[in-house]
Amino acid sequence: MKTVYMDNNATTRTDPAVVEAMLPFFSELYGNPSSMHSFGGQVGRHVREAREKIAALINAHPAEILFTSCGTESDNAAIMGTLRSYPDKKHFIMTRVEHPAVLNVGHYLRARGYRVTELGVDRKGRLDLGELRDALSDDTALVSVMTANNETGVIFPIDEIGEIVKARGIPFHTDAVQAVGKIPMDMARQPIDMLSLSGHKLHAPKGVGALYIRRGTKFTPFVIGGHQESGKRGGTENVPYIVGLGKASELAGEHLKEENTRVKKMRDRLEKELLERIPNAMINGDPGNRLPNTTSISFEYVEGESILLLMNAVQICASSGSACTSGSLEPSHVLRAMGVPFTAAHGSIRFSLSVYNSEEDVDHVIEQMPPIIQKVRDISPFWKDFQAGKPISALMAGGSGHDHHHH
Ligand code: PLP
């Protein structure tokens, strides 16, 4: 049986063309791009070309691209690098649905005396821009709002947000790790000061990322060392991975149209068929405003982990919207922030497609899911209670009754 991989928001397959582009830099082209001799110097040219390709993907200037080790580092560098540039400002604004790479930085800052505002979302995962406007103050050092959510695919109105924030003279960062390569990003037009991206979400390998820093933006280096990356990040360049990210960016630009046509159509068909064939199923997140590859579907009165186990047995890879923390299954912070009822949040599954998926993959999932959901419901006491019209037992209700704070 072939593996059907629909977990591309977790990570993607490295494109074979990307692997091929990287290989020479492990063998014959091993020089240090900072060397004076041409053996190393020629490697520097490839780093420059990679920088140009990433800049082209988001319509930025190559000098505005800083290579990092991952999306998490990009987020950390953007936030900490900005706060250190404004030592007198002690207020940071983010949303409640950020990836832990931003969320936990916010919690870290709060524990160290910063005032941290977490903007809430509504039932469809949408922000209230009035709440953002009211939160801005003269003490605000930075606002960080993700472009698209990794769990639901919901896209925030990042241009409008950037305009509101910048009108107050406050720097604006966006975690676009899930957006780059799936929707067009244009730094010449969009009011964004800093943008994070990650290689392994766009068919480059794990362990390489980039941070876009608009010219003129104050930035204090996170990694202090040599003069690499214009003094913004010390450390000898990870040349093979940088070259890989460059190649992947070039391909992502070419595939952008396919993401928004063929991939989107597959996602829409998958979603429509599953909702038709399976009772008590619903989409999480604003259906009209999502990444083209993502759907988060809640199957009520069952546990996502049990569904994933049965999916695994028929070689379908996806993710659930709950995480096993200290032995109890907790719905994700994203679904909790949206106020998804606990009976639905527990049984949420995220399917995330890519250009590597085919209609046959979609057929396989459409065929396999209804009996899987039936099987887990047959042994679910919650489903039995629901069918009998009885109140749901305290066990499931208790799961999300108390709010967990992860530090
Ligand atoms: N931000 C978002 C929205 C993500 O989805 C991820 C990855 O899951 C990250 C940041 C972290 O990226 P990386 O795994 O490259 O550190």
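Bear in mind that the values here come from a model prediction, so they are computed numbers and not experimental data.

**Some remarks on the sheet that holds strand β5 (residues 140-144)**
Here comes step 1: The seven strands lie next to each other as β2-β8-β7-β6-β5-β3-β4, forming an open sheet whose pairing is mixed. Every other strand in the sheet has two partners, leaving β2 (65-68) and β4 (115-119) as the edge strands with one partner each. On average, each strand axis in the sheet is tilted by 20° relative to the strand beside it, whichever way the strands run.
Here comes step 2: Of the pairings in the sheet, the one linking strand β6 (residues 172-175) to strand β7 (residues 194-198) comprises three bridges and is parallel in character. What sits directly across from T174, in β7, is L195.
Here comes step 3: Seen against the sheet, helix α2 (residues 38-57) touches β2 and β7 and runs at an angle of roughly 110° to β2.
Here comes step 4: Along the sheet face, helix α6 (residues 158-167) touches β5 and β6 and points at about 155° away from the line of β6.

**With respect to the environment of G153**
Here comes step 1: Along the chain, the position of G153 falls in the loop between β5 and α6.
Here comes step 2: C-alpha separation for the pair G153 and L136, spaced 17 residues apart in sequence, amounts to 26 Å.
Here comes step 3: Here G153 is in contact with A148, N289, R290, L291 and T294, once residues within four sequence places are set aside.

**Re the site of the ligand**
Here comes step 1: For the ligand, the set of nearby residues contains 13 residues, the closest of which are T72, D175, Q178, S198 and K201.
Here comes step 2: At 2.8 Å from an oxygen atom of the ligand is found a main-chain nitrogen or oxygen belonging to G71.
Here comes step 3: Measuring from a nitrogen atom of the ligand, one finds a side-chain N or O atom of D175 at 2.6 Å.
Here comes step 4: Bound to the protein, the ligand loses 88% of the 390 Å² it would expose on its own.
Here comes step 5: Residue contributions to the shell around the ligand peak at three residues, all from helix α3 (residues 71-85).
Here comes step 6: Grouping the constituent residues of the shell around the ligand by class yields three nonpolar, seven polar and three charged.

**A word on the domain arrangement of the protein chain**
Here comes step 1: Segmenting the protein chain into domains produces domain 1 (4-8 + 255-402) and domain 2 (16-252).
Here comes step 2: Taking the mean C-alpha position of each, domain 1 and domain 2 sit 30 Å from one another.
Here comes step 3: Listed per partner, the contact involves 31 residues of domain 1 and 28 residues of domain 2.
Here comes step 4: The junction of domain 1 with domain 2 conceals about 2400 Å² of combined surface from both sides, 58% of it contributed by carbon and sulfur atoms.
Here comes step 5: In this assembly, domain 1 and domain 2 are joined by ten residue pairs in polar contact (both at pLDDT 80 or more).
Here comes step 6: If you list the elements that add at least two residues to the side of domain 1 that touches domain 2, you get α7 (239-277), β10 (294-299) and α9 (333-337).
Here comes step 7: Along the lines of polarity and charge, the residues of the side of domain 1 that touches domain 2 split into 13 nonpolar, 14 polar and four charged.

About the criteria used
- Residues numbered from 1 in each chain as written.
- Predicted model: local features only at pLDDT ≥ 70, side-chain atom pairs only at ≥ 80, totals over all residues.
- Heavy atoms only, no water.
- Pairing = 2+ DSSP bridges.
- Helix = DSSP H or I, 4+ residues; strand = E, 2+ residues; numbered from the N terminus.
- Axes fitted to C-alpha atoms, helices over the stretch in contact; angles between N-to-C directions.
- Contact = heavy atoms within 4.5 Å.
- Near = heavy atom within 4 Å.
- Polar contact = N/O pair within 3.5 Å; in protein donor to acceptor, adjacent residues only side chain to side chain.
- Areas by Shrake-Rupley, 256 points an atom, 1.4 Å probe, with all protein chains shown as cover.
- Nonpolar A, V, L, I, M, F, W, Y, C, P; charged D, E, K, R; others polar.
- Domains from an automatic or database assignment.
- Buried area = accessible area lost by both parts, 1.4 Å probe.

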